[in-house]
Amino acid sequence: MNVPLKEKKLLEVKLGELPSWILMRDFTPSGIAGAFQRGYYRYYNKYVNVKKGSIAGLSMVLAAYVFLNYCRSYKELSESLLDCFASGGVSPDRVGLVHRLI
Amino acid sequence: MNENLFASFITPMMFGLPLVTLIVLFPSLLFPTSNRLVNNRLISLQQWMLQLVSKQMMSIHNTKGQTWALMLMSLILFIGSTNLLGLLPHSFTPTTQLSMNLGMAIPLWAGAVITGFRNKTTASLAHFLPQGTPTPLIPMLVIIETISLFIQPVALAVRLTANITAGHLLIHLIGGATLALMSINTTTALITFIILILLTVLEFAVAMIQAYVFTLLVSLYLHDNT
């Protein structure tokens, strides 16, 4: 059975076909919005909208939020780390802790 | 050290795009809607909490005031969830920005006051003069009451901003102190760490209390005016 490339799912696409598959995706605003919506409902129906949902459904979202905020502020944190080294406030083995938790 | 302390209050932008919009919209993701009678645990918990708060807060109002129920409940949910999310590491709290809190306080206060002036003009004007004041004091008291009326939205906004900002700053400072003390004297660092834990518990409480206070005051201003 020959499925056209456009309708294949990501895991069924061969490696050589990957660039053309990516270019064929729907990049219109409504396409992107549809992708976000599908992703949201996939997560929601798997982890939250179940009979005995646990705290993990909410915690994973919050963990992802923390991680994204860390990525956003990575540059400032590493610059302040350099300042801290220069003024002699922190020894090199406390590097991990200086990327402070808040 | 000083610049680093206030760095977390800068509006987040990425490549010139306002990231702050996404951060303000994020709490809405955590409150899903549903049309069913029996929901999943997340929605059931949220519905139970919302019923509890709305019954407690809207019971003092008459029919006209209770039309504001949706607005006030959205307000308390938004402020509460934004404050609580701000306690997560590295996150940005929109309610630390005075601009945002003024944007919430002024329209709500103005709405309540203008409703009062349009529907019960004499009663609203009568608020400027408390009952039983001696006659010579009347001009001064009217001026004072007018000032206290106009200061209400500013007080609402500044109260929320100052409380949340101060809490975040304290956590930064005490966290930094704990870190610096660890290499000098571990016992003191342990004590400071315990203080940090207590402070974090306080901040959780403050986050929710501030939301409640904001909404309660708006509802009181509404009650005076309907």
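Rules of the game
Residues numbered from 1 in each chain as written. Chains lettered and ligands numbered in written order. Predicted model: local features only at pLDDT ≥ 70, side-chain atom pairs only at ≥ 80, totals over all residues. Heavy atoms only, no water. Helix = DSSP H or I, 4+ residues; strand = E, 2+ residues; numbered from the N terminus. Buried < 20%, exposed > 50% of the residue type's maximum accessible area, 1.4 Å probe, protein only. Contact = heavy atoms within 4.5 Å. Areas by Shrake-Rupley, 256 points an atom, 1.4 Å probe, with all protein chains shown as cover. Buried area = accessible area lost by both parts, 1.4 Å probe. Salt bridge = Lys/Arg side-chain N within 4 Å of Asp/Glu carboxyl O. Polar contact = N/O pair within 3.5 Å; in protein donor to acceptor, adjacent residues only side chain to side chain. UniProt positions renumbered as here; feature names shortened; annotations may be inferred. pLDDT = per-residue confidence, 0-100. Phe/Tyr/Trp six-rings, centres within 6.5 Å; stacked < 30°, edge-to-face > 60°. Axes fitted to C-alpha atoms, helices over the stretch in contact; angles between N-to-C directions. Parallel < 35°, antiparallel > 145°, perpendicular 65-115°, else oblique. Left-handed = near helix turned anticlockwise from the far one by under 90°. Core = buried A, V, L, I, M, F, W, Y, C linked by side-chain atoms within 4.5 Å.

Caption draft 1: Representation of the overall build of chain A within the structure. The secondary structure content of chain A amounts to 5 helices and 0 strands. Each helix and strand of chain A, ordered N terminal to C terminal, gives the series α-α-α-α-α. Put simply, chain A has 102 residues, and 21% of those count as buried. Excluding contacts between residues fewer than 6 apart, the proportion of contacts in chain A whose partners are at least 24 apart in sequence is 6%. A total of about 8000 Å² of accessible surface is found on chain A, and carbon and sulfur atoms cover 65% of it.

Caption draft 2: Spotlight on the interface of chain A and chain B. Counting residues at the interface gives 27 residues for chain A, matched by 27 residues for chain B. Carbon and sulfur atoms supply 65% of the area that chain A and chain B bury against each other, a total of about 2600 Å² over both sides. For the pair chain A and chain B, the number of links is 0 salt bridges. The interface formed by chain A and chain B includes 4 residue pairs in polar contact (both at pLDDT 80 or more). Put simply, the parts of the chain that give the side of chain A that touches chain B at least two residues each are helix H2 (29-48), helix H3 (55-72), helix H4 (74-86) and helix H5 (95-98) of chain A.

Caption draft 3: Examining the environment of Asn163 of chain B more closely. Residues and elements named next belong to chain B. Tracing the backbone through its elements, the reader meets Asn163 in helix H8 (residues 138-182). Here Asn163 falls in the partly exposed class, since its relative accessible area comes to 30%. As a C-alpha pair, Asn163 and Leu29 span 134 residues in sequence and 25 Å in three-dimensional space.

Caption draft 4: Quick peek at the UniProt feature "transmembrane region" (unreviewed entry) in chain B. Residue and element names in this part refer to chain B. UniProt tags residues 6-31, 67-86, 98-117, 137-158, 164-182 and 189-222 as "transmembrane region" (unreviewed entry). The span residues 67-86 carries 85% helix and 0% strand; its end-to-end C-alpha distance comes to 30 Å. The span residues 98-117 shows a helical share of 100% and a strand share of 0%, and its end C-alpha atoms are spaced 28 Å apart.

Caption draft 5: Broad picture of the confidence of the model for chain B. Per-chain confidence: chain B averages 87 in pLDDT, with 98% of residues scoring 70 or above. Both confidence scores are given for the complex: pTM 0.86, ipTM 0.85.

Caption draft 6: Looking closely at the side chain of Gln152 of chain B. Its place among the elements puts Gln152 of chain B in helix H8. A polar atom in the side chain of Gln152 of chain B sits 2.9 Å from the side chain of Trp109 of chain B.

Caption draft 7: How the structure looks around the packing of aromatic side chains. Evaluated as defined, the whole model comprises 6 aromatic pairs over all chains. Between Tyr65 of chain A and Phe26 of chain B, the aromatic rings sit 4.2 Å apart at their centres with planes inclined by 5 degrees, giving stacked as the arrangement. You can see Tyr65 of chain A sitting in helix H3 and its partner Phe26 of chain B sitting in the loop between helix H2 (20-25) and helix H3 (41-58), one on each of two chains. Since its relative accessible area comes to 8%, Tyr65 of chain A is described here as buried. Considering the side-chain rings of Tyr70 of chain A and Tyr74 of chain A, the 6.1 Å spacing of their centres and the 75 degrees angle between planes classify their relative orientation as edge-to-face. Residue Tyr70 of chain A is classed as partly exposed on the basis of its relative accessible area, which comes to 25%.

Caption draft 8: Structural detail: the environment of Leu173 of chain B. All names here are of chain B. Relative to the helices and strands, Leu173 is located in helix H8. Look at Leu173 and you get partly exposed, because its relative accessible area is 39%. With 23 residues separating them in the primary sequence, Leu173 and Leu196 have C-alpha atoms 9.6 Å apart.

Caption draft 9: Up close: the packing of helix H5 (residues 69-85) of chain B against helix H6 (residues 98-119) of chain B. Residue and element names in this part refer to chain B. At their nearest, the axes of H5 and H6 sit 13 Å apart, and the two run at 165 degrees to each other. Here H5 lies roughly antiparallel to H6, going by the angle between them. With respect to the hand of their crossing, H5 and H6 are arranged in left-handed fashion. Contact residues: Met71, Leu75, Phe78 and Ile79 in H5; Met100, Met104 and Leu108 in H6.

Caption draft 10: Molecular detail of unusual backbone geometry. Residues and elements named next belong to chain B. For His90, which is not glycine, the phi torsion reads 65 degrees and is therefore positive. Along the chain, the position of His90 falls in the loop between H5 and H6. The exposure class of His90 is buried, given its relative accessible area of 14%.

Caption draft 11: Looking closely at the nonpolar core. All names here are of chain B. One finds Leu75, Ile79, Met104, Leu156, Phe214 and Val218 to be the most contacted residues of the largest nonpolar core, which totals 27 residues. The leading source of residues in this core is H6, at 7 residues. Excluding anything up to four places from it in sequence, Leu75 contacts Met104, Leu108, Phe214, Thr215 and Val218. Val20, Ile23, Leu30 and Phe92 belong to the second largest nonpolar core, which has 7 residues in total.

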